[in-house]
Amino acid sequence: MIIAATLVACQQEDDVLTTDPIPDGKGRVTMTIKARRPAPATRAETGNWLDPVDPVERIHDYKVIFVNGSNEVVEMVSNTISGEDGVEQDEFRFHLAPGTYTVYGFANLTAEQWTATGITVPVKNPNGEVTTKGSLPADFATRTINTTNGWDKNIPMTSRTGGQQITVVAGENQTFAVEVVRTMAKLQIEFTNNSGQDMDILGYEIYPLTKTNNSLLEPATPADIIKPSKRDTVAFAVDLKDKPIKLVKTNGTGMTTVYVNESSATATGVENQYSIRLKAKRYLESGGNQAEATEYRYGMTVNHASGGFTNICRNDWIKIPITFGDWSFRIEALQFVPIAGYQTTVVSADALTATFLTGGNICIKPMVRKNTDAEGTWRNIFDNAVTFSPKFPFVKKGTDKTYTVGSKTFPYNTRYEALSDPDGQGDQTGIILTGDTYILTQDDESNLFMLLDSGDIVGQIQNEDAMEGTLTLTLLVKLEGRLYSFSYNIVKALNPKG
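Heads up: these notes are all about the structure in this document. (Residues numbered from 1 in each chain as written. Predicted model: local features only at pLDDT ≥ 70, side-chain atom pairs only at ≥ 80, totals over all residues. Heavy atoms only, no water.)

## Digging into the overall build of the protein
- Per the secondary structure count, the protein includes two helices and 38 strands.
- Out of the 498 residues in the protein, the part that is buried amounts to 47%.
- Expressed as a percentage of contacts within the protein between residues at least 6 apart in sequence, the contacts between residues at least 24 apart total 72%.
- Taken as a whole, the protein presents about 24,100 Å² of accessible surface, with 49% of it coming from carbon and sulfur. (Helix = DSSP H or I, 4+ residues; strand = E, 2+ residues; numbered from the N terminus. Buried < 20%, exposed > 50% of the residue type's maximum accessible area, 1.4 Å probe, protein only. Contact = heavy atoms within 4.5 Å. Areas by Shrake-Rupley, 256 points an atom, 1.4 Å probe, with all protein chains shown as cover.)

Okay, here's the thing in structure tokens:
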């Protein structure tokens, strides 16, 4: 009986709102504000994957503004949702003068973020009538919003660039919807431990992410995401040592999520690859001693041209599956002292990138180890458990281009491959070079790198002080029959000559 009475009351209220006379010269508008469904490029389309699962992803308060052709804010509707869970959409009704308007919606903005929009709101009298119109700032389309990686509050939502256009007709009931978009992306990292040892995940770091100050409005296209040259990028770290994610051996699983800023991966160089560093401890015995904390590094995705993605867009929900096996792989850049010729100057090197200041010979050393090997032991790339059979000479597979520095021009191709013949599964092992391959000397273009009997991979960088560029060396290797891809960036930096 109570439920029935409530439904009748709601119906009577709706009838009143839709049957009362519409004021002269006005149209009755019913607006629904709703959070946009996640981007299909990175969120699956089945099951509950599209539904927000955390209250911070829902609408808790909102403001909707209506802007006329003179850039004046003629109306603003705001509301705060009761309760802690929030809603995916809300409805409101009001009267508006006929005309065409651009509508912008905002949800969950802090006071500081709202002030940063630069919007001046209309002034109303006690009857709710606008007496003084508000306005948008002249630079509204290029304003930014201050959000930080690891956001743990309600996620701010804004409209797309250009807003949404509606046309109100006098004397009619009309229904419209305004869409708001979460300004942040959700990364869901899912761990699987297929190794023979229990593991603790002590933390992780993701690079590159926008440090702060993303575009206020959703960029018209992913290509319009603010580029690294116009804002700071950062490696964002999460410390889990006080509450590690525990993964039991043989198919143990765990998961963590984090909200991050919309980002462009162009800061990583040619291959546009996001990377994640994991700090973990392995149990050497069941319930017994642990090894020293080990850092594992992964390319989270290949670039867009290779089937991955270059941008982390707002409103994305990206699942990142990470599987641990019994094998580890690392690449080191070593000083290479030639019998004749130049020796390079190494500025910095780690497991992902080596930066050289001068030209000369370079040496890349790939190594593998199994978790059951003695701690600190690494195997040669020609180990019996490893399949690595690059087939030389390199073959052009990219686009022919030229690079000019000073009065010199260097022809090059954007991709070279030295791969073994496909096996029964169509897999290949070998070497792929992509990006700014002009930084390598190309007296014999088909032999840009050579594999020595020692397992070292050697090449030579152009000895041009004013030359700079980044190439990515990718090794395709089989470990106990399973194919893996390992990428390493080689950077030639400008030499200031002291």
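The structure having been displayed, the exposition proceeds.
## With respect to the sheet that holds strand β18 (residues 252–261)
- Pairing within the open sheet is mixed, and its three strands lie in the order β18-β13-β23. The outermost strands of the open sheet, each flanked by one partner alone, are β18 and β23 (317–324). Put simply, the sheet's adjacent strands are angled 20° from each other on average, direction ignored.
- Strand direction decides the pairing type here: strand β13 (residues 184–193) and β18, joined by ten bridges, are antiparallel. Within the sheet, the bridge partner assigned to Lys186 lies in β18 and is Tyr259. (Pairing = 2+ DSSP bridges. Axes fitted to C-alpha atoms, helices over the stretch in contact; angles between N-to-C directions.)

## Considerations on the pairing of strand β31 (residues 400–405)
- Where β31 and strand β32 (residues 408–413) come together, six bridges link them in antiparallel fashion. Pairing of Tyr403 across the sheet is with Phe410, part of β32.
- Between the antiparallel neighbours β31 and β32 lie two residues, among them Gly406 with a positive phi of about 65°.

## Points about the packing of aromatic side chains
- Applying the stated criterion across every chain, the model contains twelve aromatic pairs.
- Arranged with centres 6.1 Å apart and planes meeting at 25°, the rings of Tyr484 and Phe486 form a pair that is stacked.
- Among the aromatic residues, those joined into a cluster by ring pairs are Tyr62, Phe66, Phe92 and Phe94.
- Sitting above the plane of the Trp151 ring, Lys153 keeps its charged end 4.2 Å from the centroid.
- The cationic tip of Arg330 hangs over the ring face of Trp378; the distance from NZ or CZ to the ring centre is 5.1 Å. (Phe/Tyr/Trp six-rings, centres within 6.5 Å; stacked < 30°, edge-to-face > 60°. Lys NZ or Arg CZ within 6 Å of the ring centre and 35° of its normal.)

These values are about where atoms sit, not about what they do.
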